[in-house]
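For reference, the chains in residue letters:
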Amino acid sequence: MTDGDRVDTHCPYCALQCGMTLRATGDLISIEPRDFPTNRGGLCQKGWTAADLLDHPERITTPLIRQDGELRPASWEDALTLIASRITSIQRRYDENAVAVFGGGGLTNEKSYALGKFARVALRTRNIDYNGRFCMSSAAAAGIRAFGIDRGLPFPLADVGSADTLLLVGANVAETMPPFGRWLADQKARGGTLIVIDPRATPTAKQATLHLQPTPGTDLAIANALLHIALTEGLLDKDYLAERTTGFDEVRRTVANYWPARVERLTGVPVQDLESAARALAGAERAIILTARGAEQHAKGVDTVSAFINLALALGLPGRPGSGYGCLTGQGNGQGGREHGQKADQLPGYRKIDDPEARRHVAGVWGVDPGMLPGPGVSAYELLDALGTEAGPKAMLLFGSNPVVSAPRAGRVTERIRSLEFLVVADFLLSETAALADVVLPTAMWAEEDGTMTNLEGRVLRRHAVRRPPGQARTDLQILHALAERLGVAHGFPEDPAEVFAELRRASAGGIADYQGVTWERIDARDGVFWPCPDEDGPDTPRMFTERFGTPDGRARMTPVEHRPAAEEPCADYPYYLTTGRVLAQYQSGTQTRRVDALRRAAPRAFVELHPDLAARLGVTDGEALTVTSRRGEVTAPARLSDAIREDTVFMPFHWAGKGRANTLTNDALDPVSRMPEFKVCAVRLERTAG
Amino acid sequence: MKVAIIGYGMAGSRLAAELRARRADVKVTVLGAEPHRAYNRIMLSNLLAGKIDESDVEITEAAGHGVDVRPGTAVTAIDRAARTVTTACGDVLPYDHLVLATGGEAVLPDVPGLDPLPDRVAVFRTLDDCRRILAVAGTARTAIVLGGGLLGLEAARGLTARGLKVSVVHAVDRLMNRQIDAGASGVLTRTLADLGIECVLDAATEAVESAPDHVTVRLADGRALHAGLLVIACGVRAETSLARTAGLDVRRGVLVDDALRTSDPHVSAIGDCAEHDGVTGGLVAPAWEQARVVAARLTGEDAVYRPRAVVTRLKAAGIDLAAMGTLRGDEELTFSDPARGTYARLCIDGDRLAGAVMLGDNPAVGTVIQLFDRGTPVPGDRRALLLGRALGSAPVAAVESPALMPDATTICQCNTVSKGALVRCWRAGARSIGDVVAATRATTGCGTCGDAVRGIVDWLSAVDAPSSSEVPA
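Residues numbered from 1 in each chain as written. Chains lettered and ligands numbered in written order. Predicted model: local features only at pLDDT ≥ 70, side-chain atom pairs only at ≥ 80, totals over all residues.

Further remarks concern the pairing of strand β3 (residues 67-70) of chain B. All names here are of chain B. Burial along β3 is one-sided: the residues Val67 and Val69 are buried and none of Asp68 and Arg70 is. Alignment of strand β2 (residues 27-31) against β3, held across four bridges, turns out to be parallel. Directly across from valine 30, in β3, lies its bridge partner valine 69. Taken together, β2, helix α2 (residues 44-49) and β3 form a β-α-β motif whose crossover is right-handed. (Buried ≥ 20, exposed ≤ 12 C-beta atoms within 10 Å, placed from the backbone. Helix = DSSP H or I, 4+ residues; strand = E, 2+ residues; numbered from the N terminus. Pairing = 2+ DSSP bridges. Right-handed = clockwise from strand over helix to strand, strands pointing away.)

Dropping the structure here:
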């Protein structure tokens, strides 16, 4: 796939991982969309402009060390020596766990794997987690609970285009993964029904045949009501329930209490619409239910996903060709990032770190004593919340993440990060978190590295370098290699991603996410390889669950789940709901996209979207500054009037830092199972900004 | 603490579940007179309709984890001094706190011919009532429902779904007279007629006569109606006999205060058997709220019961009725389309919704119910209450004439391309779709703006590279 100065690779941003071709003409890198099975020749504005950052003036090209309060260019030798000595002294003064590692869902599989191994083997700390906890953890936990396996889409994306009924729950694909829209267009052209559940009439919802616009935080009740209706109208697949599932009786007795009129009052969604949705799903030959962050980023995110999985199972969808349940993964390697061990409780191959057999296997591959592997650490928010505290980590190494902007209750998180004795950030731009670091290490960008990514379908893809990193920038693997060496671990951290991938394959062998049979050559030869793929000569798995689920008895497990209020409901002092999300022209914490001219022009700043009636009551006109206050802080941003939002709710995108940082407001209430924070709903007060 | 709950209906089972969920150190015994698992009374009309099986109305049991559920166990006496209850089989159970959730019993009209209840006559309240109705319905082609309230209409709709021809006999001149106005009743009567349900209004029943194969209802105006089945749905009366015998204060129901305590602080009452602030039950939402409050109090929280306004909802195949609040206010919105069975009347007081009746296809009904529940201001454009939000329109209106479209209109969302950008591109020399796409990247994301871009390029071709003055801003 490489041809000197022309390579086929994938977009650096979201989990759709659109196929693109990079061409180097002199120093200039240009991008062309590629006809790949996910994007079929489409690219959004983020993808088209991705190369603008490669030689951006703000690109970090040398290590930076903080001296006299300022980050100043330094040599690699000085930076690495400083890091090793500070880590050593902190670990000597406290213990191994005093050094934490924070990763990201944008890192390649090789880097995610190496980072998890680095934490356990070189640092011997249990404190590693990553920003995917804020992304995929609820769907992952619910998927494992029901199916025994968590693969975002257990079927190829193309199935979406031929679904007779497609239900999107809290998914705004028209803005978050625009070329996905090609499949929606196909689905519509074939006469399919699109149902969208979202408190906002997003560009995606506006394409829907039926839009359910519930009170924020009530998706679970809707799912239970849809199942209740399917039950009372005799629309369940009883043979499927009997043959392929367990636990339906208790689910049935739970959803019996979700009669439509009760749920209408709770959610504001008319009974008629609930009935239409249930019938459209049950009556379809091919029906697909997809959830995304809107349903998942709640303190009851796991149960909400379980409720939709229950619905899918009761209608006999999972494992039926053309039908099923899936979640739409967010970050570029949000799938692979959750499989190879950068999660606190996990080892490569989607293994559990507290499982003795898993520890033996992975320790064997790593050539270490299983007894030396640390146990499970705490989840991302709990880790960030503990930084600098008496019992918490005193130092942190951070790769591919910007929690100062992207973590919930970001004011508190920023305070915790500032309280660290020592912070190292590896990044290619000076993110808001990197700006707080003691040492910043310049890293390669996507067009400068080889490796693999696993997209939202569980399809392992190849990322190809078209050029070398500029200046002194190095790949993360080179950085981990050098750091490990200085920490006295001379072997086991190769710089070559191909070598790392070969080891990852062995480490994943026999695990849930089995990459043993995946080779770079095989990926290049055929548009990627779907895991599990245990055998180099055997088939991969585009469609899962056709015969059995990944549970011990092969049946899907149904779990009864109950609606409960959001962790913070509106009250007299904070009378409105705030929900957060994304806009098309920005990506995640905005470190990259806020620096691209075209994207900044398209989406220059944070805003508060609110209904014109609410604006009139507050005396605010379009564009006027509005102060939004929650129990955790206040932000100021211009009002954007829109009748696409409920009158009881305001929306803010979370891509910006400073005064418009939406995550200053968000709630750090966590899901009891996934430890997902409640990004999608909290209570706020609104005031015209004085002056 | 030992808590005894008498009654295992919607209120009693909910209380047991709430107590269990709180995982407090409370030992709960539930004594249910009915011999069944906990079930959802609201689903009984679905059972009548034949869409579901008996097992489908079961709800989650709270048994285990400190909760002892004893269905089929009637209580015969309460000894408040000794703090014990005695069951029909002679067991004596001590309690620290007793909760009455004895529910209600169907009211029988005071007319000759119903005592004892004849074979082809049934009330409609419990699962056993439902069984009785279904047993008779199997041998009947016609049915009369006595009572045109919510329960009667639900029963009628369920029976027509079974293929029976149903007449509803109601003593007042409009249906659901406690909830809806004459206008809605008129439209509802028509809707029911279309569904095969005949309504006989303003019709006092004088007597019921039974024969082996049919029942006759004699009306005060001399008419006689015949049917194979008679279902009586004339309301519910609080079941208070145990409380009365035990000496608790009782009016229509067992009197309770805001803490849901009866005249004995060791005894609470919830659900249909309780009377709070002059109101007795009949609905699930208040009963569940009462269960929540009692569970909170029994586990050390200081909760009080604040009744919420009632929303009455009748939803069955072909019928969609919501009624709430009072139909008085200083502003009134109405909509009526009897031919299509739609009616709406909303009363607004100040900027708050005082009450509403909505029947038929009212897309904003969910919003209206939430506005009423929360007491939040109604929308500035009142039509939103009748018509709902305008949704389902495509993000890009390809049909809109390009000439009239403002320059700032976004044509391609995925690549942020406005109409103005396309025009500029044309003026800079682009002359085909391909040129425009190459220069602006419009259509290269999701691709759905293809028609709109084509339309603009066609228009630009037709007007031949307009100057900016010809392009309205």
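Quick look at the interface of chain B and chain A now. Contact with chain B, which involves 42 residues of that partner, is made by 48 residues of chain A. Contributing elements (two or more residues each) for the side of chain B that touches chain A: β22 (311-316) and α8 (365-374) of chain B. In terms of residue count, the dominant contributor to the side of chain B that touches chain A is α8 of chain B (six residues). Along the lines of polarity and charge, the residues of the side of chain B that touches chain A split into 16 nonpolar, 17 polar and nine charged. (Contact = placed C-beta atoms within 7 Å. Nonpolar A, V, L, I, M, F, W, Y, C, P; charged D, E, K, R; others polar.)

Moving on: the environment of valine 136 of chain B. All names here are of chain B. Within the secondary structure, valine 136 is located in helix α3 (residues 127-137). Judged by the 19 C-beta atoms lying within 10 Å of it, valine 136 falls in the partly exposed class. Distance in space between the C-alpha atoms of valine 136 and leucine 188 is 27 Å, their sequence separation being 52 residues.

Extensive coverage of α8 of chain B is indicated by the burial of eight of its ten residues. Restricting attention to buried positions, one finds in α8 of chain B the residues Val365, Gly366, Thr367, Val368, Ile369, Gln370, Leu371 and Phe372 of chain B. Lining the buried residues of α8 of chain B we find α11 (260-267) of chain A together with β22, β23 (319-325), β25 (342-349), β26 (352-359) and α9 (383-387) of chain B. Phi for glycine 375 of chain B, located one or two positions after α8 of chain B, is positive at around 65°.

Residue and element names in this part refer to chain A. Packing of helix α8 (residues 219-232) against helix α12 (residues 271-282) leaves a shortest axis separation of 9 Å and a crossing angle of 70°. With respect to each other, α8 and α12 are oriented roughly perpendicular. In the packing of α8 onto α12, the handedness of the crossing is right-handed. In this structure, α8 contributes Ala225, Leu226, Ile229 and Ala230 to the contact, and α12 contributes Leu274, Glu275, Ala277, Ala278, Leu281 and Ala282. When the residues that make up the contact of α8 with α12 are grouped by side-chain class, the tally is nine nonpolar, no polar and one charged. (Axes fitted to C-alpha atoms, helices over the stretch in contact; angles between N-to-C directions. Parallel < 35°, antiparallel > 145°, perpendicular 65-115°, else oblique. Left-handed = near helix turned anticlockwise from the far one by under 90°.)

With that settled, consider the sheet that holds strand β6 (residues 92-94) of chain B. All names here are of chain B. Taken in spatial order, the three strands of this open sheet run β4-β5-β6, and their pairing is antiparallel. Only two strands of the sheet have a single neighbouring strand rather than two, namely β4 (75-79) and β6. Averaged over all neighbouring strand pairs, the angle between strand axes comes to 20°, with direction disregarded. Direction of pairing for β4 relative to strand β5 (residues 84-87): antiparallel, over a ladder of four bridges. Looking at β5, one finds that valine 75 is bridged to threonine 87.

The next point concerns the sheet that holds strand β16 (residues 229-232) of chain B. Residues and elements named next belong to chain B. In spatial order, the strands read β9-β16-β10-β11-β12; together these five strands make up an open sheet with parallel pairing. Edge positions in the sheet fall to β9 (121-123) and β12 (197-200), since each of these pairs with one other strand and no more. Between one strand axis and the next, the sheet turns by 20° as a mean value, whatever way the strands run. Relative to the sheet, helix α4 (residues 150-161) contacts β10 (142-146), β11 (165-169), β12 and β16, its axis offset from that of β11 by approximately 170°.

All names here are of chain B. Assigned domains within chain B: domain 1 (2-104 + 237-298), domain 2 (121-234), domain 3 (326-387) and domain 4 (402-470). Using only C-alpha atoms to locate each centre, domain 2 and domain 3 end up separated by 29 Å. Listed as interface residues are eight residues of domain 2 and, on the opposing side, eight residues of domain 3. Across the side of domain 2 that touches domain 3, the residue classes break down as four nonpolar, two polar and two charged. (Domains from an automatic or database assignment.)

Now for the pairing of strand β13 (residues 324-327) of chain A. Residues and elements named next belong to chain A. Alternating positions in β13 separate into two faces, Gly324 and Gly326 on one and Tyr325 and Cys327 on the other, with burial throughout. In this structure, strand β12 (residues 287-291) lies alongside β13, joined through four bridges in parallel fashion. By the bridge assignment, threonine 291 is partnered in β13 with cysteine 327.

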